[in-house]
Amino acid sequence: MSTLTIALPYVQHAGFSSVVASLAESPLVSRLLIVSDGPVAEKFAKAEVVTAGSFRSGRLVNEVVAKTSTDYLAFLSEPERLQSGQRAIERLLTVAEDTGAGMVYADYWEIKGGVRNEHPLIDYQFGSLRDGFDFGSLQLYSVAALKSAVAKHGPVPDVQHAGQYDIRLKVSVGHEIFHLQEFLYTKIETDLRKSGEKMFDYVDPRNAAYQKEMELVATQHLKNIGAYLAPNFEKVPADSGKYAVEASVIIPVRNRVRTIGDAVKSVLAQKTNFAFNCIVVDNHSTDGTTDVLAGLAASDPRVRHIVPTRTDLGIGGCWNEGVFSDACGRYAVQLDSDDIYSGPDTLQKVVDVFHSGDYGMVIGSYQLVDMDLKELPPGLIDHREWTPDNGRNNALRINGLGAPRGFHTAILRRSGLPNTSYGEDYAAALRISRHYQIGRIYTSLYLCRRWEGNTDAALSIEKANRNDLYKDRIRTIEIRARQRMAGGKK
């Protein structure tokens, strides 16, 4: 059996000593590297203290890799809240040896609110380059793979937060990242927020320095795999098409009787110097939404109420119904059925940006609010991490690009949107950004209402995993396409 070094952060916690003692008892563990930002008074068997500012810094990762002479190296985070399962270390090492993988990670048990449940993870794929990919708290690396990756792609840069992210990406270029679907340890979860409360953490302005480091690392990875796109954009083709109006607001909806009236009225309140309409694609609602829309359409001809003949449509499919309809304008602008525009000038601002430059798409900024329109943290979501030169590369690292989203209809009609109810707009935006520049508006145009009816308010782990797996698949497709594009293939 191979030998193992484990790196873990020092925590002043009652559970830390027992975890370290348990690890030291294993004959497979040759060495423990305890990472601390200062001296550690306690003495542990097989342990050496490594002084570093952060467990995830580039300096720490480089030092740990250089110090390791065993066959494998594991990074173990949150050790004070973990309990190893039966023969977990042996199993991880066996799988690593049998597969020859560069890194192995496993599912785990989770104790949340005193209840123990399974916490399955998802398979790593070529497009799993987001920095928030969940590997759990234990990643086992082949030291040969680590040193090969460093030799080929260089040491980890001097970053404070992105060190482990960088080394994972470098290893993934030439080695498999293997997901073991077995529950090998138990973790006590202290973050009890629902999925809808966690999803905006990455755009919190307080995390700006973190985000810039992650972008630096992700961009270099795209260069390493031949998927980086320089800031050279295609011209938007001249559009001589005939359109009923200059702009259409498209709202897919199903069973939103409580909010759909507010959404449509916020569109009808727009003040513009061009003609516009509101295309509402009613996906066979059963709660009274259809009656509300019929009344709005009867009172204002700008409301186009479409009920598809198909019954197999997701949000993307409903968007396609609107975009490919004769009623669609030159530009198609998004509004979700439980949100509203922040003022009467939203649509004008979006179209003005289209008219001001060569853009295939325009994306604004939005404010998080509750149902009473009171602001919720982190407030304005403006995606300031976007830059004209590198935005389309960094877009492959993050989970969304912002709202409201405006599309050049002729360009969107070339491929349409995937017929899904998650990630459909992200897929379209990535594809458009592959070729065309995206215009940005950093002031609030849109009020995103968070309430218990949001489809992402409280996802089960199974649904969250399915969504994450799909977005990673979108990234895989897009990266492959960009590699072909960068290599001169159509």
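Scope of this entry: the structure provided in the associated data block. (Residues numbered from 1 in each chain as written. Predicted model: local features only at pLDDT ≥ 70, side-chain atom pairs only at ≥ 80, totals over all residues. Heavy atoms only, no water.)

Along the chain, the regular secondary structure elements total 15 helices and 18 strands. Over its C-alpha trace the chain gives a radius of gyration of 25 Å, about what one expects of a compact globule, namely 23 Å for 490 residues. C-alpha extents for the chain along the principal axes are approximately 80 × 50 × 40 Å. Within the chain, buried positions represent 55% of all 490 residues. Of the contacts formed within the chain by residues at least 6 apart in sequence, a portion of 79% connects residues at least 24 apart. A total of about 21,100 Å² of accessible surface is found on the chain, and carbon and sulfur atoms cover 50% of it. (Helix = DSSP H or I, 4+ residues; strand = E, 2+ residues; numbered from the N terminus. Rg over C-alpha atoms; globule rule 2.2 N^0.38 Å. Buried < 20%, exposed > 50% of the residue type's maximum accessible area, 1.4 Å probe, protein only. Contact = heavy atoms within 4.5 Å. Areas by Shrake-Rupley, 256 points an atom, 1.4 Å probe, with all protein chains shown as cover.)

The contact between helix 14 (residues 424-435) and helix 15 (residues 461-486) brings their axes to 10 Å, and the two run at 15 degrees. Judged by the angle between their axes, helix 14 and helix 15 are roughly parallel. Note on packing geometry: the crossing formed by helix 14 with helix 15 is right-handed. Residues Y426, A427, L430, R431, S433, R434 and H435 of helix 14 lie in contact with helix 15, whose contacting residues are K471, I474, R475, E478, A481, R482 and M485. Residues of the contact of helix 14 with helix 15, tallied by class, amount to 6 nonpolar, 2 polar and 6 charged. (Axes fitted to C-alpha atoms, helices over the stretch in contact; angles between N-to-C directions. Parallel < 35°, antiparallel > 145°, perpendicular 65-115°, else oblique. Left-handed = near helix turned anticlockwise from the far one by under 90°. Nonpolar A, V, L, I, M, F, W, Y, C, P; charged D, E, K, R; others polar.)

Another aspect to go through is the nonpolar core. Core analysis: the biggest nonpolar cluster contains 104 residues, and L4, I6 and L8 have the highest contact counts within it. Of all hydrophobic cores here, the second largest spans 34 residues; its members include A247, V249, V280 and L368. (Core = buried A, V, L, I, M, F, W, Y, C linked by side-chain atoms within 4.5 Å.)

Looking at where Q334 falls in the secondary structure, it is placed in strand 13 (residues 331-334). Owing to a relative accessible area of 2%, Q334 belongs among the buried residues under this scheme. Leave out the neighbours within four places in its chain, and Q334 touches I250, W319, Y341, A403, P404, R405 and Y446.

Every other side chain in a regular strand lies on the same face of the sheet, so the side chains alternate between the two faces. With 10 of 11 residues buried, strand 15 (residues 359-369) is to be regarded as a mostly interior element. Taken together, the 9 bridges between strand 15 and strand 18 (residues 437-449) define a ladder with parallel strand orientation. Bridged to V369 within strand 18 is R449. Bridge count between strand 15 and strand 17 (residues 405-408): 3 bridges; the pairing is antiparallel. Looking at strand 17, one finds that I363 is bridged to R405. Across 3 bridges, strand 15 lies against strand 16 (residues 375-381) in antiparallel orientation. Across the sheet, residue V369 finds its bridge partner in strand 16, namely E375. (Pairing = 2+ DSSP bridges.)

Take the pattern of salt bridges next. Following the criterion strictly, the structure yields 24 salt bridges and no others. The residue K187 makes a salt bridge to E78 at a minimum N-O spacing of 3.1 Å. In this pair, K187 is assigned in strand 9 (residues 177-188) and E78 in the loop between strand 4 (72-76) and strand 5 (82-84), connecting sequence segments 109 residues apart. Given the relative accessible area of 8%, K187 is considered buried. One network of salt bridges, with partners in common, ties together E78, E80, R81, K187 and E189. (Salt bridge = Lys/Arg side-chain N within 4 Å of Asp/Glu carboxyl O.)

Here the focus is the packing of helix 4 (residues 143-153) against helix 5 (residues 163-174). Packing of helix 4 against helix 5 leaves a shortest axis separation of 9 Å and a crossing angle of 90 degrees. What the angle tells us is that helix 4 and helix 5 run roughly perpendicular. Of the residues in helix 5, those touching helix 4 at A145, L146, A149, V150 and H153 are I167, K170, V171 and V173. Here the contact of helix 4 with helix 5 is built from residues that sort into 7 nonpolar, 1 polar and 1 charged.

Structurally, E246 can be placed in the loop between helix 7 (208-224) and strand 10 (247-253). Of the polar contacts made by the side chain of E246, one reaches the side chain of H355; its length is 2.9 Å. The residues contacting E246, other than those within four sequence positions of it, are F274, A275, G329, R330, Y331, V351 and H355. (Polar contact = N/O pair within 3.5 Å; in protein donor to acceptor, adjacent residues only side chain to side chain.)

In this fold, C318 is placed in helix 10 (residues 315-323). Taking the relative accessible area as the measure of exposure, C318 reaches 2% and is therefore buried. Along the sequence, C318 and L417 sit 99 residues apart, while their C-alpha atoms lie 9.2 Å from each other. Leave out the neighbours within four places in its chain, and C318 touches P252, V281, N283 and L313.

Looking now at the packing of aromatic side chains. For the structure shown, the criterion picks out 15 aromatic pairs. Between F133 and F135 the ring centres are 4.6 Å apart and the planes differ by 50 degrees, which places this aromatic pair in the tilted class. On the accessibility criterion, F133 (6% relative accessible area) is buried. Each member of the aromatic cluster is reached from another via a ring pair, and the members are Y105, Y124, F133 and F135. Taking the ring centre of Y228 as reference, the NZ or CZ of K223 above it sits at 4.9 Å. Just above the ring of F126 sits the side chain of R480; from NZ or CZ to the centre is 3.8 Å. (Phe/Tyr/Trp six-rings, centres within 6.5 Å; stacked < 30°, edge-to-face > 60°. Lys NZ or Arg CZ within 6 Å of the ring centre and 35° of its normal.)

The values reported here are purely geometric and, on their own, carry no functional implication.
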